[in-house]
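In case you want the letters, here they are:
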Amino acid sequence: MNSAILGTGSYVPNRVLTNADLERMVDTSDTWIVERTGIRERRLVEPGQACSDLGLEAAQRALSAAKVKACDIDLILLATCTGDAPLPSTACLLQHQLGATRAAACDISAACCGFVYALSIADAYIKTGMRHVLVVASEVMSAITDWTDRNTCVLFGDGAGAVVLGQGSEGSGILSTHLHANGRLPEMIHVPGGGSKEPASKDVLDNKRCFIKMKGNETFKIAVKSMEEAAHEAVNANSVAMTDIDVFIPHQANMRILKAVSQRLGLAQEKLMINLDKFGNTSAASIPLALDEAVHSQKVQRGQLVLLAAFGAGLTWASALVRW
Ligand code: UT7
């Protein structure tokens, strides 16, 4: 038995930060950002709005689309690297806010691959008899962004996406997932301070060690190769051809990465789902945010073959193939 995606949902905060706004904050230009990343604007939370708040909205929309009641959820997996606080898990906060009283709940930490990792775990539980799993990916990247660092602050945005998984039928739903990690290069993308190695302190704050740092150019090259590899793995495992893919939804990190990967895979431009121009890189949330938009705009339709591919800090990379 395969897991079926019964419903999708997403949410972005109302506040828009445009490239013109960033021009007033750091030494950058709209032209540079658009040419180098494809991003035109991103959404940011209001003060006081946290990861659980975005996740709650996305989760409620996914439950409503799936016609599943919160009390019927068995497990909540929340993918994030920007949870409300280190303890307890944000998934537990969400469990209470949703009224999902029967659900077990935990966070999944796999950076930008978090959604595909969580989807894979959820799929394994459904395959072994669980009825309903809620997978949420919610990020407040603005909380770990150094707003004086032009190398990173133009890239990220806040948002959330969610799916409800239930029992499906053979030949449809989640056909396969592939997960990878290589911890040899943790400093490619990392937040060095604020954890147990460099606990929160004035020093950590003064040296901006609690903000995201990225070796963008090196990461770029690995991201292209890794997502290409994960995409090939997905089609090979299911004995389908790359040309059979109807919609490709990659992690929305950089327009040039998305186009390079699609080109290497031989996928036509119109099969590629892009929404990073509006939302920037929302880490784990980017794939379910794009998936929900693709479902609502009917870019993804019943019976179609949908390929998801992600890459992120860790390093991690992953793919999933879904018969919609
Ligand atoms: O989500 C997880 C995975 N993340 C990724 O995969 C991100 C991968 N990396 C990227 O998307 C790109 O590498 C970036 C968008 C981060 C950077 O683009 P790039 O084409 O790799 O630029 P670069 O880092 O090689 O920098 C080129 C130049 C540098 O100036 P010099 O040294 O050539 O004078 C930078 O200082 O661009 C400069 N630069 C900027 N200029 C204007 C860097 N950031 C900016 C900026 N505005 N915001």
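What you see is a predicted model; the values in this text were computed from it and never measured. (Residues numbered from 1 in each chain as written. Predicted model: local features only at pLDDT ≥ 70, side-chain atom pairs only at ≥ 80, totals over all residues. Heavy atoms only, no water.)

Further remarks concern the packing of helix α3 (residues 51-66) against helix α4 (residues 90-98). Between α3 and α4, whose axes approach to 10 Å, the crossing angle comes to 50°. What the angle tells us is that α3 and α4 run oblique. In terms of crossing hand, the pair formed by α3 and α4 is right-handed. Contact residues: Cys51, Ser52, Asp53, Gly55, Leu56, Ala59, Gln60 and Leu63 in α3; Thr90, Leu93, Leu94, Gln97 and Leu98 in α4. Partitioned by chemical class, the residues of the contact of α3 with α4 number seven nonpolar, five polar and one charged. (Axes fitted to C-alpha atoms, helices over the stretch in contact; angles between N-to-C directions. Helix = DSSP H or I, 4+ residues; strand = E, 2+ residues; numbered from the N terminus. Parallel < 35°, antiparallel > 145°, perpendicular 65-115°, else oblique. Left-handed = near helix turned anticlockwise from the far one by under 90°. Contact = heavy atoms within 4.5 Å. Nonpolar A, V, L, I, M, F, W, Y, C, P; charged D, E, K, R; others polar.)

Of the volumes computed, that of the second largest pocket is approximately 160 Å³. Lining the second largest pocket are Pro186, Glu187, His190, Val191, Pro192, Lys197, Glu198 and Arg209. Partitioning the lining of the second largest pocket into residue classes produces three nonpolar, one polar and four charged. (1 Å grid on protein atoms, 1.4 Å probe; cavity = no way out; pocket = protein on both sides within 12 Å on 5 of 7 lines; lining within 4 Å. Points joined across faces, edges and corners; volume = space filled by probe spheres on them.)

Moving on, we come to the sheet that holds strand β4 (residues 75-79). With mixed pairing, five strands are arranged side by side in an open sheet as β1-β7-β6-β4-β5. Every interior strand has two partners, whereas the edge strands, β1 (3-11) and β5 (104-108), have only one. Sheet twist, expressed as the mean angle between neighbouring strand axes with direction ignored, is 15°. Strand direction decides the pairing type here: strand β6 (residues 133-140) and strand β7 (residues 158-167), joined by eight bridges, are antiparallel. Directly across from Val140, in β7, lies its bridge partner Asp158. Together, β4, β5 and β6 form the strand contacts of α4, whose direction differs from that of β4 by roughly 130°. (Pairing = 2+ DSSP bridges.)

So, on to the sheet that holds strand β11 (residues 247-250). Pairing is mixed in the open sheet, where four strands are placed in the order β8-β13-β12-β11. The open sheet has two edge strands, β8 (173-181) and β11, and neither has a second partner. Adjacent strand axes in the sheet meet at a mean angle of 10° when their direction is disregarded. Packing of helix α5 (residues 114-127) onto the sheet brings it into contact with β8, β12 (305-312) and β13 (316-323), and relative to β8 it is tilted by some 130°. On top of the sheet, helix α11 (residues 286-296) reaches β11 and β12; it is set at about 150° to β11, its chief contact.

Turning our eyes to something else, we now look at the pairing of β11. Where burial is concerned, the two faces of β11 agree: the one with Val247 and Ile249 and the one with Phe248 and Pro250 are both buried. Of the strand pairs in this sheet, β11 and β12 are connected by four bridges, and their pairing is parallel. What sits directly across from Val247, in β12, is Val306. (Buried < 20%, exposed > 50% of the residue type's maximum accessible area, 1.4 Å probe, protein only.)

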